[in-house]
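Observations on the model geometry
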Amino acid sequence: MSVIKNSNYGWFISHETLINEIYSSVDSSATSFQLKPDLFEIVQPYKPAKSKHNLKRKTNEEDFGAEVRCVEKLYELFRNENEEIFAESQLEVRNDAAVTAAATIYDESGKNLIGDVVGANPDGPIVKRIKNSDFLFPQNCKFYGKDVADMSTHLDEKYDLIVLDPPWWNKYIRRKRKHTEHGYDMMYNEELRNLPLENYLSKEGLVAVWCTNSGQHVRTLCDEIFPKWGLEYVGKWYWVKVTKSGVPVCPFSEPPRKQPFEQIIFGRVQSRSLADPACDKLVVSVPSALHSHKPPLIRLLERFLPNSPTCLEIFARYLLPNWTSYGKEVLRFQHESLYEKLNRECFDFHSNSRSANSALAYITEMSPSRLSTIL
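Anyway, here's the lowdown on the structure attached to this text. (Residues numbered from 1 in each chain as written. Predicted model: local features only at pLDDT ≥ 70, side-chain atom pairs only at ≥ 80, totals over all residues. Heavy atoms only, no water.)

**Remarks on helix H1 (residues 15–22)**
It helps to recall that an α-helix has 3.6 residues per turn; residues three or four apart then point in one direction. Short version of the rule: When a residue's accessible area, from a 1.4 Å probe over protein chains only, is under 20% of the maximum for its type it is buried; when over 50% it is exposed; and in between it is partly exposed. Per the convention used, a helix needs a DSSP run of H or I reaching at least four residues, while a strand needs a run of E reaching at least two, with both numbered from the N terminus. When checking whether two residues touch, look at their non-hydrogen atoms; a contact exists if any pair is within 4.5 Å.
Within the span of H1, buried status applies to His15, Leu18, Ile19, Asn20 and Ile22. Contact partners of the buried residues in H1: strand E1 (2–7), strand E2 (10–14), strand E3 (33–35), helix H8 (298–301) and strand E15 (339–341).

Right under this line is the structure:
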């Protein structure tokens with residue numbers, strides 16, 4: 001993301017702006033690409049789903065209720081301090097453009113999934129034609145389109161930062177998957193715990209985990225998974241999702257109802273000598289309408305990392321410059337359906353005349369564990 005505003009309470013960021021900066025010049029030409037703006041046309045809060053939860057309060061829900069009220073108060077203070085960064089409310093406008101764009105993109109990118117692939121682009125941003133679709137590749141990236149269960153077969157580096165966005169087990173999502181092809185494989189906490197992350201952390205290692213608001217997930221992560229990975233719990237940030245006018249995408253509510261925020265939970269290796277992220281900061285942004293299209297965190301976390309850090313994202317669905325990305329759908333959000341070209345006289349987005357000559361990108365499908373060039 002690109003940091004638009006620093007605040008005492010956190011940051012207002014733009015996922016859209018950062019991605020557009022990455023692809024402002026592709027294939028060493030005047031051609032630039034940007035995410036389709038409709039994806040971020042979130043102008044109204046989402047209608048709350050009808051809850052089927054038993055709303056009788058439990059002890060852990062009372063504890064989380066206090067946390068919800070704290071985040072709500074922090075966001076109220078943040079918004080009052082930064083009113084100028086938000087657009088005027090558009091009460092007559094709906095989120096139809098964003099919803100339509102997301103549905104179309106998810107369908108098109110899903111039909112063109114590239115799996116069982118490893119590769120890298122050690123040069124500048126390029127376009128490459130693969131299986132009748134174009135894909136964007138940022139500069140100096142590596143990627144593994146592999147199952148996380150096979151990490152030990154493919155990864156052999158140490159990383160200063162590892163970011164994970166696990167497909168946490170969720171009964172509601174499990175039910176929803178029965179009615180849609182757009183579901184994803186969920187992971188039990190024990191499966192996440194068994195990932196050998198301890199083998200890939202440098203002596204300055206920092207881990208950031210996107211987590212649901214499930215108390216069970218948070219407790220298991222901090223009390224069981226982090227210790228297995230050799231990590232100490234540092235604290236958490238809250239990603240607050242808002243409309244373009246700054247209204248939360250859904251109300252802050254009493255648990256177990258849905259909240260307008262997700263948690264980013266940090267763990268550190270004991271040998272770290274660098275400063276750790278401060279606790280209870282807000283990361284505020286207008287979210288992408290695409291499911292699980294999280295904003296990159298590197299601009300916020302680079303201050304806690306060594307110079308020229310090595311960074312890895314697990315369960316990745318898109319690529320970042322100077323990062324290694326790992327996941328079964330690692331190229332999904334690199335697909336042409338997410339982007340539009342701004343300078344159309346240079347070359348056709350759907351032509352491989354230039355991208356086929358971009359020999360510095362290499363991709364190997366059904367490959368051995370080591371990367372090898374095919375261009």
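**Some details on helix H3 (residues 96–111)**
This is how it is decided: The span expected for a helix works out to 1.5 Å for each residue beyond the first. This arc describes the spread of directions from the helix axis toward the C-beta atoms.
Under the 1.5 Å per step criterion, the end-to-end length of H3 is 23 Å for 16 residues, consistent within 8% with the ideal 22 Å. Looking at H3, one finds that the buried residues are Ala98, Ala101, Ala102, Ile105, Tyr106 and Ser109. For H3, the buried positions fall inside an angular range of 125° around the axis, keeping them on one side. The outward face of H3, more than 90 degrees from its buried face, is lined by the exposed residues Thr100 and Lys111.

**With respect to the pairing of E2**
This is how the line gets drawn: Whether two strands pair depends on DSSP finding at least two bridges between them.
When you tally the buried positions in E2, you get 5 out of 5 residues, the bulk of the element. As paired elements, E1 and E2 share 5 bridges and run antiparallel to each other. Pairing of Ser2 across the sheet is with Ser14, part of E2. Between E1 and E2, which pair antiparallel in sequence order, lie 2 residues. As judged from the 3 bridges shared by E2 and strand E12 (residues 281–285), these two strands associate in the parallel manner. Bridged to Phe12 within E12 is Val284.

**A closer look at the environment of Asp185**
Inspection of the secondary structure puts Asp185 in the loop between helix H5 (171–177) and helix H6 (189–193). Taking the C-alpha atoms as reference points, Asp185 and Pro167, 18 residues apart in sequence, are found 6.8 Å from one another.

**A word on the environment of Lys47**
Structurally, the position occupied by Lys47 is in the loop between E3 and helix H2 (59–81). What makes Lys47 exposed here is its relative accessible area of 78%. Once the C-alpha coordinates of Lys47 and Val249 are considered, the two residues, 202 residues apart in sequence, prove to be 8.7 Å apart.

**Focus: the nonpolar core**
Keep this limit in mind: Among buried residues, those of type Ala, Val, Leu, Ile, Met, Phe, Trp, Tyr and Cys that are joined through side-chain atoms within 4.5 Å constitute a nonpolar core.
Ranked by internal contacts, the top residues of the largest apolar core, which has 61 residues, are Tyr75, Leu161, Trp237, Val240, Ile264 and Leu282. Top contributing element to this core by residue count: H2, with 6 residues. Once residues lying within four places of it in the same chain are set aside, the contact partners of Ile264 are Ala208, Val209, Trp210, Gly235, Lys236, Trp237, Trp239, Val283 and Leu297. In this structure, Leu201, Val209, Phe226 and Leu231 belong to the second largest nonpolar core, which totals 31 residues.

**Some words on the packing of aromatic side chains**
Here is the rule we go by: When two rings of Phe, Tyr or Trp (its six-membered ring) have centres within 6.5 Å they constitute a pair, described as stacked for plane angles under 30 degrees, edge-to-face for angles over 60, and tilted for the intermediate range. When the NZ atom of lysine or the CZ atom of arginine is within 6 Å of a ring's centre and also within 35 degrees of its normal, the charge is said to sit over that ring.
Scanning the model with the defined rule gives 15 aromatic pairs in all. On the numbers, 5.7 Å between centres and 20° between planes, the contact of Tyr144 with Tyr326 is stacked. Taken together, the positions of Tyr144 in strand E7 (residues 141–145) and Tyr326 in strand E14 (residues 323–326) put the pair 182 residues apart, joining distant regions of the chain. With a relative accessible area of 0%, Tyr326 lands in the buried category. When the ring of Trp169 is compared with that of Tyr188, the centres are 4.7 Å apart and the planes differ by 20°; the resulting orientation is stacked. In this pair, Trp169 is assigned in the loop between strand E8 (159–164) and H5 and Tyr188 in the loop between H5 and H6, connecting sequence segments 19 residues apart. We classify Trp169 as partly exposed; its relative accessible area is 25%. Site record: aromatic cluster; members linked through ring pairs are Trp11, Trp237, Phe266 and Phe304. Lying across the ring of Trp210, Lys294 places its NZ or CZ 5.6 Å from the centre.

By themselves, these figures tell us nothing about what the structure is for.
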